[in-house]
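Chain by chain, the residues run as shown.
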Amino acid sequence: MTSLAWRSLLLLSLPFAVGACPSTEPIDVDTTGPASTGDESTSTGPATTKGEDSTSTGVVDSSSSSTAAPTTDPSTSSGVVDDSTGEVAVCNNNVIEGDEVCDLSQVNGETCQSLGYQGGQLGCLLTCTDYNLLGCFICGNEVIDIAEDCEGEFVPEDVTCQSMGYEAGTVTCGTDCLYDVSDCSICGDGIQAGPEQCDGIDFDGQTCASIGFDEGNLACNLASCTFNVSGCSGGQYIQDFEAGVMPPEFTQGGNLPWVVDNNVPIAGGFSAHSGAITHNQTSSMSITANFAAAGNITFSHRESTEACCDFLRFFMDGAQVMQWSGNTMVVGNQNTPVAAGMHTFEWRYVKDGSVNTGSDRVWVDNINLTPGVPI
(Lines give C-alpha, C1' and ligand atoms only; values in the text may rest on other atoms or scores of the structure.)
Protein backbone atom coordinates (compact mmCIF):
# COMPACT_ATOMS: atom_id res chain seq x y z
CA MET A 1 0.00 0.00 0.00
CA THR A 2 1.30 3.50 -0.81
CA SER A 3 1.96 6.06 1.90
CA LEU A 4 -0.88 8.18 0.66
CA ALA A 5 -3.33 5.38 0.97
CA TRP A 6 -2.12 4.63 4.56
CA ARG A 7 -2.53 8.21 5.65
CA SER A 8 -6.06 8.33 4.25
CA LEU A 9 -7.06 5.21 6.19
CA LEU A 10 -5.61 6.61 9.43
CA LEU A 11 -7.55 9.88 9.13
CA LEU A 12 -10.82 8.07 8.60
CA SER A 13 -10.37 6.03 11.93
CA LEU A 14 -9.30 8.79 14.35
CA PRO A 15 -12.78 10.22 15.26
CA PHE A 16 -13.80 6.84 16.48
CA ALA A 17 -10.65 6.04 18.36
CA VAL A 18 -9.54 9.14 20.24
CA GLY A 19 -11.24 12.19 18.93
CA ALA A 20 -14.96 11.37 19.14
CA CYS A 21 -17.00 14.09 20.76
CA PRO A 22 -19.44 13.27 23.67
CA SER A 23 -22.97 12.63 22.63
CA THR A 24 -25.38 15.50 23.23
CA GLU A 25 -28.29 13.16 23.91
CA PRO A 26 -29.27 12.96 27.63
CA ILE A 27 -28.43 9.78 29.55
CA ASP A 28 -31.29 8.07 31.30
CA VAL A 29 -30.14 7.57 34.96
CA ASP A 30 -32.16 5.55 37.55
CA THR A 31 -32.24 7.73 40.72
CA THR A 32 -34.62 5.56 42.75
CA GLY A 33 -31.90 3.41 44.30
CA PRO A 34 -28.17 3.21 44.85
CA ALA A 35 -25.91 2.37 42.03
CA SER A 36 -24.84 -1.21 41.66
CA THR A 37 -21.32 -2.21 41.03
CA GLY A 38 -22.28 -5.71 40.03
CA ASP A 39 -24.92 -7.53 38.16
CA GLU A 40 -28.16 -5.62 38.81
CA SER A 41 -30.21 -8.68 38.25
CA THR A 42 -28.70 -10.45 41.29
CA SER A 43 -28.34 -7.53 43.74
CA THR A 44 -30.88 -7.59 46.62
CA GLY A 45 -29.61 -4.85 48.89
CA PRO A 46 -27.61 -1.68 49.05
CA ALA A 47 -24.04 -1.75 48.02
CA THR A 48 -21.51 -2.14 50.79
CA THR A 49 -18.74 0.38 50.96
CA LYS A 50 -15.47 0.17 52.78
CA GLY A 51 -15.93 0.61 56.52
CA GLU A 52 -19.58 -0.48 56.56
CA ASP A 53 -20.53 -3.80 58.22
CA SER A 54 -23.62 -5.14 56.55
CA THR A 55 -24.23 -7.62 59.41
CA SER A 56 -23.89 -5.21 62.36
CA THR A 57 -26.87 -3.53 64.05
CA GLY A 58 -24.65 -0.61 64.89
CA VAL A 59 -22.85 1.91 62.79
CA VAL A 60 -19.12 1.62 62.14
CA ASP A 61 -17.02 4.69 62.60
CA SER A 62 -14.87 4.64 59.43
CA SER A 63 -12.12 6.49 61.25
CA SER A 64 -11.79 3.95 64.05
CA SER A 65 -13.61 0.88 62.73
CA SER A 66 -15.37 0.60 66.20
CA THR A 67 -19.02 -0.28 66.55
CA ALA A 68 -21.21 2.23 68.48
CA ALA A 69 -23.78 0.80 70.98
CA PRO A 70 -27.40 1.21 70.01
CA THR A 71 -29.26 4.02 71.76
CA THR A 72 -31.77 2.85 74.45
CA ASP A 73 -35.08 4.62 74.84
CA PRO A 74 -35.41 5.53 78.56
CA SER A 75 -39.18 5.09 78.31
CA THR A 76 -38.66 1.33 78.01
CA SER A 77 -36.57 1.08 81.26
CA SER A 78 -38.00 -0.52 84.41
CA GLY A 79 -37.05 2.57 86.37
CA VAL A 80 -38.13 6.22 86.23
CA VAL A 81 -35.94 8.86 84.63
CA ASP A 82 -35.26 12.06 86.58
CA ASP A 83 -35.67 14.77 83.94
CA SER A 84 -33.24 17.09 85.71
CA THR A 85 -30.35 14.63 85.98
CA GLY A 86 -31.21 11.89 83.54
CA GLU A 87 -30.67 9.37 86.34
CA VAL A 88 -32.76 6.20 86.26
CA ALA A 89 -34.41 5.46 89.68
CA VAL A 90 -35.08 1.79 90.36
CA CYS A 91 -37.69 1.38 93.14
CA ASN A 92 -37.14 -1.32 95.80
CA ASN A 93 -33.37 -1.61 95.41
CA ASN A 94 -32.83 -0.03 98.87
CA VAL A 95 -31.22 3.06 97.34
CA ILE A 96 -32.95 6.45 97.17
CA GLU A 97 -32.62 7.73 93.59
CA GLY A 98 -34.23 10.34 91.40
CA ASP A 99 -37.58 11.54 92.71
CA GLU A 100 -37.96 8.69 95.26
CA VAL A 101 -38.98 9.75 98.77
CA CYS A 102 -37.69 6.51 100.29
CA ASP A 103 -36.73 3.00 99.25
CA LEU A 104 -37.30 -0.13 101.40
CA SER A 105 -35.39 0.49 104.68
CA GLN A 106 -33.92 3.78 103.46
CA VAL A 107 -36.16 6.53 104.81
CA ASN A 108 -33.91 9.54 104.26
CA GLY A 109 -33.15 10.01 107.97
CA GLU A 110 -36.79 10.40 109.00
CA THR A 111 -38.43 8.63 111.98
CA CYS A 112 -41.95 8.26 113.32
CA GLN A 113 -41.06 10.91 115.90
CA SER A 114 -39.75 13.37 113.31
CA LEU A 115 -43.07 13.06 111.49
CA GLY A 116 -45.11 13.92 114.58
CA TYR A 117 -45.81 10.50 116.11
CA GLN A 118 -44.86 9.27 119.57
CA GLY A 119 -42.96 6.21 118.46
CA GLY A 120 -42.90 3.13 116.27
CA GLN A 121 -41.03 1.97 113.16
CA LEU A 122 -41.22 4.10 110.03
CA GLY A 123 -41.45 2.25 106.70
CA CYS A 124 -41.62 3.00 102.99
CA LEU A 125 -44.43 2.35 100.51
CA LEU A 126 -43.58 -0.19 97.82
CA THR A 127 -44.04 2.55 95.23
CA CYS A 128 -41.18 4.55 96.84
CA THR A 129 -43.38 7.66 96.58
CA ASP A 130 -44.12 8.17 100.29
CA TYR A 131 -43.58 6.82 103.82
CA ASN A 132 -45.50 3.89 105.30
CA LEU A 133 -46.90 5.19 108.60
CA LEU A 134 -48.69 2.00 109.72
CA GLY A 135 -45.87 1.23 112.15
CA CYS A 136 -46.11 4.64 113.85
CA PHE A 137 -48.36 5.32 116.83
CA ILE A 138 -49.53 7.90 119.36
CA CYS A 139 -50.17 6.26 122.74
CA GLY A 140 -53.10 7.75 124.63
CA ASN A 141 -55.27 8.89 121.74
CA GLU A 142 -57.82 6.10 122.38
CA VAL A 143 -57.04 4.59 118.97
CA ILE A 144 -55.25 1.24 118.95
CA ASP A 145 -52.72 1.64 116.14
CA ILE A 146 -51.19 -1.36 114.42
CA ALA A 147 -48.02 -0.97 116.51
CA GLU A 148 -49.97 -0.93 119.80
CA ASP A 149 -51.48 -3.71 121.90
CA CYS A 150 -53.91 -1.61 123.90
CA GLU A 151 -55.01 1.89 124.92
CA GLY A 152 -55.71 3.20 128.43
CA GLU A 153 -56.75 0.50 130.91
CA PHE A 154 -58.52 -1.72 128.38
CA VAL A 155 -57.13 -5.25 127.96
CA PRO A 156 -59.24 -7.85 126.08
CA GLU A 157 -60.72 -10.58 128.28
CA ASP A 158 -58.92 -13.29 126.35
CA VAL A 159 -55.54 -11.67 127.03
CA THR A 160 -54.41 -13.15 130.35
CA CYS A 161 -51.18 -14.21 131.98
CA GLN A 162 -52.22 -17.80 131.32
CA SER A 163 -52.84 -17.16 127.61
CA MET A 164 -49.31 -15.75 127.43
CA GLY A 165 -47.74 -18.81 129.01
CA TYR A 166 -47.66 -17.76 132.68
CA GLU A 167 -49.45 -19.36 135.63
CA ALA A 168 -50.76 -16.43 137.65
CA GLY A 169 -51.06 -12.66 137.73
CA THR A 170 -52.85 -9.96 135.78
CA VAL A 171 -52.01 -8.43 132.37
CA THR A 172 -52.30 -4.65 132.26
CA CYS A 173 -51.86 -2.00 129.56
CA GLY A 174 -48.51 -0.25 129.93
CA THR A 175 -47.74 3.42 129.47
CA ASP A 176 -46.30 2.53 126.06
CA CYS A 177 -49.63 0.97 124.98
CA LEU A 178 -48.11 -2.51 125.00
CA TYR A 179 -49.21 -5.38 127.24
CA ASP A 180 -47.47 -5.25 130.64
CA VAL A 181 -46.79 -8.77 131.95
CA SER A 182 -44.63 -7.72 134.90
CA ASP A 183 -47.36 -8.96 137.25
CA CYS A 184 -47.38 -12.43 135.61
CA SER A 185 -45.46 -15.29 137.17
CA ILE A 186 -44.50 -18.94 136.89
CA CYS A 187 -44.06 -20.61 140.28
CA GLY A 188 -40.88 -22.68 140.28
CA ASP A 189 -38.82 -20.71 137.76
CA GLY A 190 -36.70 -19.25 140.58
CA ILE A 191 -37.78 -15.66 139.92
CA GLN A 192 -40.15 -13.84 142.30
CA ALA A 193 -42.70 -12.02 140.16
CA GLY A 194 -46.27 -10.79 140.21
CA PRO A 195 -48.37 -12.17 143.06
CA GLU A 196 -45.63 -14.56 144.27
CA GLN A 197 -44.22 -13.85 147.72
CA CYS A 198 -41.09 -15.83 146.88
CA ASP A 199 -39.74 -18.33 144.36
CA GLY A 200 -36.95 -20.72 145.30
CA ILE A 201 -34.32 -18.59 147.00
CA ASP A 202 -35.68 -15.33 145.60
CA PHE A 203 -37.51 -13.61 148.49
CA ASP A 204 -37.70 -10.18 146.82
CA GLY A 205 -35.52 -8.90 149.65
CA GLN A 206 -37.93 -9.95 152.40
CA THR A 207 -36.90 -11.45 155.76
CA CYS A 208 -38.67 -12.52 158.95
CA ALA A 209 -38.02 -9.04 160.35
CA SER A 210 -39.24 -7.19 157.24
CA ILE A 211 -42.63 -8.96 157.33
CA GLY A 212 -43.25 -8.23 161.03
CA PHE A 213 -41.38 -10.84 163.10
CA ASP A 214 -38.59 -10.15 165.54
CA GLU A 215 -36.12 -12.68 164.17
CA GLY A 216 -35.64 -16.05 162.50
CA ASN A 217 -35.06 -17.52 159.06
CA LEU A 218 -37.69 -17.03 156.38
CA ALA A 219 -38.32 -19.95 154.01
CA CYS A 220 -40.33 -20.42 150.80
CA ASN A 221 -43.06 -22.95 150.11
CA LEU A 222 -41.87 -24.25 146.73
CA ALA A 223 -45.26 -25.55 145.62
CA SER A 224 -47.17 -22.30 146.19
CA CYS A 225 -44.37 -19.67 146.14
CA THR A 226 -45.57 -18.25 149.48
CA PHE A 227 -43.58 -17.52 152.64
CA ASN A 228 -42.97 -20.29 155.15
CA VAL A 229 -42.73 -18.40 158.46
CA SER A 230 -42.28 -21.41 160.73
CA GLY A 231 -38.66 -20.38 161.26
CA CYS A 232 -39.64 -16.86 162.36
CA SER A 233 -40.33 -15.88 165.97
CA GLY A 234 -41.67 -12.91 167.91
CA GLY A 235 -43.35 -9.97 166.27
CA GLN A 236 -46.44 -10.77 164.22
CA TYR A 237 -47.79 -12.76 161.28
CA ILE A 238 -49.70 -10.78 158.61
CA GLN A 239 -51.66 -12.44 155.82
CA ASP A 240 -53.25 -10.19 153.15
CA PHE A 241 -53.61 -12.90 150.46
CA GLU A 242 -51.94 -10.67 147.87
CA ALA A 243 -49.98 -13.65 146.55
CA GLY A 244 -53.24 -14.63 144.84
CA VAL A 245 -53.22 -18.20 146.19
CA MET A 246 -54.28 -19.86 149.43
CA PRO A 247 -51.20 -19.98 151.72
CA PRO A 248 -50.16 -23.53 152.67
CA GLU A 249 -50.37 -22.78 156.43
CA PHE A 250 -54.17 -22.74 156.09
CA THR A 251 -56.22 -25.93 156.32
CA GLN A 252 -59.43 -26.36 154.34
CA GLY A 253 -62.60 -28.00 155.65
CA GLY A 254 -66.32 -28.46 155.09
CA ASN A 255 -68.04 -29.30 151.83
CA LEU A 256 -66.01 -26.86 149.72
CA PRO A 257 -62.71 -25.06 150.41
CA TRP A 258 -62.19 -21.33 150.63
CA VAL A 259 -60.77 -19.55 147.59
CA VAL A 260 -58.34 -16.66 147.10
CA ASP A 261 -59.15 -14.43 144.12
CA ASN A 262 -59.72 -10.83 143.03
CA ASN A 263 -63.53 -11.04 142.94
CA VAL A 264 -64.62 -7.98 145.00
CA PRO A 265 -61.69 -8.05 147.46
CA ILE A 266 -61.94 -6.32 150.82
CA ALA A 267 -58.58 -4.61 150.40
CA GLY A 268 -55.76 -4.68 147.87
CA GLY A 269 -56.12 -6.98 144.88
CA PHE A 270 -57.08 -10.26 146.59
CA SER A 271 -59.11 -11.64 149.49
CA ALA A 272 -60.14 -15.08 150.72
CA HIS A 273 -63.82 -16.05 150.44
CA SER A 274 -66.01 -19.07 151.15
CA GLY A 275 -66.70 -21.79 148.60
CA ALA A 276 -69.92 -21.86 146.56
CA ILE A 277 -71.86 -24.11 148.94
CA THR A 278 -75.61 -24.73 148.95
CA HIS A 279 -78.24 -25.49 151.62
CA ASN A 280 -77.14 -27.32 154.78
CA GLN A 281 -73.45 -27.14 153.78
CA THR A 282 -70.33 -25.52 155.25
CA SER A 283 -67.05 -24.08 153.94
CA SER A 284 -64.16 -23.38 156.31
CA MET A 285 -60.48 -22.48 156.57
CA SER A 286 -58.28 -22.56 159.66
CA ILE A 287 -54.74 -21.80 160.84
CA THR A 288 -52.74 -22.92 163.88
CA ALA A 289 -50.11 -20.66 165.40
CA ASN A 290 -47.81 -20.53 168.43
CA PHE A 291 -47.91 -17.37 170.57
CA ALA A 292 -44.67 -16.94 172.50
CA ALA A 293 -46.50 -14.39 174.63
CA ALA A 294 -50.04 -13.17 175.08
CA GLY A 295 -51.25 -11.07 172.18
CA ASN A 296 -54.19 -10.83 169.83
CA ILE A 297 -55.64 -11.77 166.44
CA THR A 298 -57.22 -9.18 164.17
CA PHE A 299 -58.85 -9.52 160.74
CA SER A 300 -61.33 -7.87 158.36
CA HIS A 301 -64.56 -9.56 157.22
CA ARG A 302 -67.59 -8.94 154.99
CA GLU A 303 -70.87 -10.81 154.35
CA SER A 304 -73.49 -11.08 151.61
CA THR A 305 -75.89 -13.68 153.05
CA GLU A 306 -79.39 -14.37 154.29
CA ALA A 307 -79.50 -12.20 157.43
CA CYS A 308 -81.39 -14.56 159.69
CA CYS A 309 -79.88 -17.87 158.91
CA ASP A 310 -76.59 -18.01 156.92
CA PHE A 311 -73.54 -17.00 159.00
CA LEU A 312 -69.82 -16.39 158.97
CA ARG A 313 -68.71 -17.89 162.30
CA PHE A 314 -65.27 -17.34 163.88
CA PHE A 315 -63.84 -20.00 166.22
CA MET A 316 -60.78 -20.08 168.46
CA ASP A 317 -59.72 -23.52 169.68
CA GLY A 318 -63.10 -24.96 168.63
CA ALA A 319 -65.19 -22.39 170.52
CA GLN A 320 -67.25 -19.83 168.63
CA VAL A 321 -66.12 -16.28 169.32
CA MET A 322 -68.40 -14.29 166.98
CA GLN A 323 -70.80 -14.67 164.04
CA TRP A 324 -72.02 -12.26 161.33
CA SER A 325 -74.67 -12.27 158.57
CA GLY A 326 -76.60 -9.91 156.29
CA ASN A 327 -76.41 -8.52 152.78
CA THR A 328 -74.91 -5.10 153.53
CA MET A 329 -71.37 -5.79 152.14
CA VAL A 330 -70.08 -3.58 154.97
CA VAL A 331 -66.51 -4.37 156.04
CA GLY A 332 -66.10 -5.20 159.73
CA ASN A 333 -62.96 -5.60 161.83
CA GLN A 334 -62.49 -8.14 164.59
CA ASN A 335 -59.93 -8.00 167.44
CA THR A 336 -59.71 -10.96 169.81
CA PRO A 337 -57.23 -11.37 172.71
CA VAL A 338 -55.08 -14.50 172.62
CA ALA A 339 -53.19 -16.11 175.49
CA ALA A 340 -49.64 -17.42 175.15
CA GLY A 341 -49.39 -20.91 173.69
CA MET A 342 -50.67 -22.88 170.69
CA HIS A 343 -54.00 -21.83 169.20
CA THR A 344 -56.20 -22.76 166.20
CA PHE A 345 -58.41 -20.18 164.49
CA GLU A 346 -61.24 -21.11 162.10
CA TRP A 347 -63.52 -19.12 159.79
CA ARG A 348 -66.61 -21.14 158.85
CA TYR A 349 -69.48 -20.22 156.52
CA VAL A 350 -72.66 -22.11 157.47
CA LYS A 351 -75.92 -22.24 155.46
CA ASP A 352 -79.31 -23.44 156.65
CA GLY A 353 -81.76 -25.52 154.63
CA SER A 354 -83.27 -22.85 152.36
CA VAL A 355 -83.01 -19.42 150.66
CA ASN A 356 -80.02 -17.82 148.95
CA THR A 357 -79.48 -14.09 149.41
CA GLY A 358 -77.05 -11.68 147.73
CA SER A 359 -73.77 -13.24 146.68
CA ASP A 360 -74.30 -16.02 149.25
CA ARG A 361 -70.65 -15.61 150.24
CA VAL A 362 -68.41 -14.28 153.04
CA TRP A 363 -64.91 -12.75 152.85
CA VAL A 364 -61.88 -12.52 155.20
CA ASP A 365 -58.72 -10.44 154.75
CA ASN A 366 -55.73 -8.87 156.56
CA ILE A 367 -55.31 -11.51 159.27
CA ASN A 368 -52.79 -10.35 161.88
CA LEU A 369 -51.40 -12.63 164.63
CA THR A 370 -49.36 -10.76 167.25
CA PRO A 371 -46.98 -12.33 168.23
CA GLY A 372 -48.19 -15.58 166.72
CA VAL A 373 -46.16 -17.79 164.38
CA PRO A 374 -48.04 -20.33 162.19
CA ILE A 375 -46.84 -23.91 162.39
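This section reports on the structure supplied with the text.

Calculation notes
- Residues numbered from 1 in each chain as written.
- Predicted model: local features only at pLDDT ≥ 70, side-chain atom pairs only at ≥ 80, totals over all residues.
- Heavy atoms only, no water.
- Salt bridge = Lys/Arg side-chain N within 4 Å of Asp/Glu carboxyl O.
- Helix = DSSP H or I, 4+ residues; strand = E, 2+ residues; numbered from the N terminus.
- Buried < 20%, exposed > 50% of the residue type's maximum accessible area, 1.4 Å probe, protein only.
- Contact = heavy atoms within 4.5 Å.
- Phe/Tyr/Trp six-rings, centres within 6.5 Å; stacked < 30°, edge-to-face > 60°.
- Lys NZ or Arg CZ within 6 Å of the ring centre and 35° of its normal.

With that out of the way, let us pick up the pattern of salt bridges. Inspection of the entire model under this criterion finds 3 salt bridges. The salt bridge partner of Lys351 is Asp310, with a shortest N-O separation of 2.9 Å. On the criterion of sequence distance, the pair formed by Lys351 in the loop between strand 21 (341-350) and strand 22 (361-374) and Asp310 in the loop between strand 17 (282-304) and strand 18 (311-316) is long-range, its members being 41 residues apart. In this structure Asp310 comes out as buried when scored by relative accessible area, which is 0%. The shortest N-O distance in the salt bridge between Arg348 and Glu346 comes to 2.9 Å. On the accessibility criterion, Arg348 (26% relative accessible area) is partly exposed. The exposure class of Glu346 is buried, given its relative accessible area of 16%.

Now for the side chain of Thr305. Examined against the element boundaries, Thr305 turns out to sit in the loop between strand 17 and strand 18. Residues contacting Thr305, with those up to four places away along its chain left out, are Asp310, Ser325, Gly326, Asn327, Tyr349, Thr357, Arg361 and Val362.

Each aromatic ring pair is summarised here by two numbers: the centre-to-centre distance and the angle between the ring planes. If you walk through the whole model with that rule in mind, you get 9 aromatic pairs. Judged by centre distance (6.1 Å) and plane angle (70 degrees), the rings of Phe291 and Phe345 are edge-to-face. Remark: Phe345 occurs in strand 21 and Phe291 occurs in strand 17; sequence separation between them is 54 residues. No difference in accessibility class separates Phe291 from Phe345, as the two residues are buried. Each residue in the set Phe241, Phe250, Phe291, Phe299, Phe314, Trp324, Phe345 and Trp347 is aromatic and connected to the rest through ring pairs, giving one cluster. Directly above the aromatic system of Trp363 lies the positively charged group of Arg302, at a separation of 4.6 Å from the ring centroid.

Next up on the list: unusual backbone geometry. The residue after Thr370, namely Pro371, is reached through a cis peptide bond having omega -5 degrees. When you line up the elements, Pro371 lands in strand 22. Unlike most non-glycine residues, Asn92 shows phi in positive territory, near 75 degrees. With phi around 60 degrees, Met329 is a residue other than glycine that occupies positive phi space. Checked against the element boundaries, Met329 lands in the loop between strand 19 (319-324) and strand 20 (332-338). Met329 sits in the partly exposed class, given a relative accessible area of 29%.

Functional significance is not addressed by these values, which are geometric in nature.
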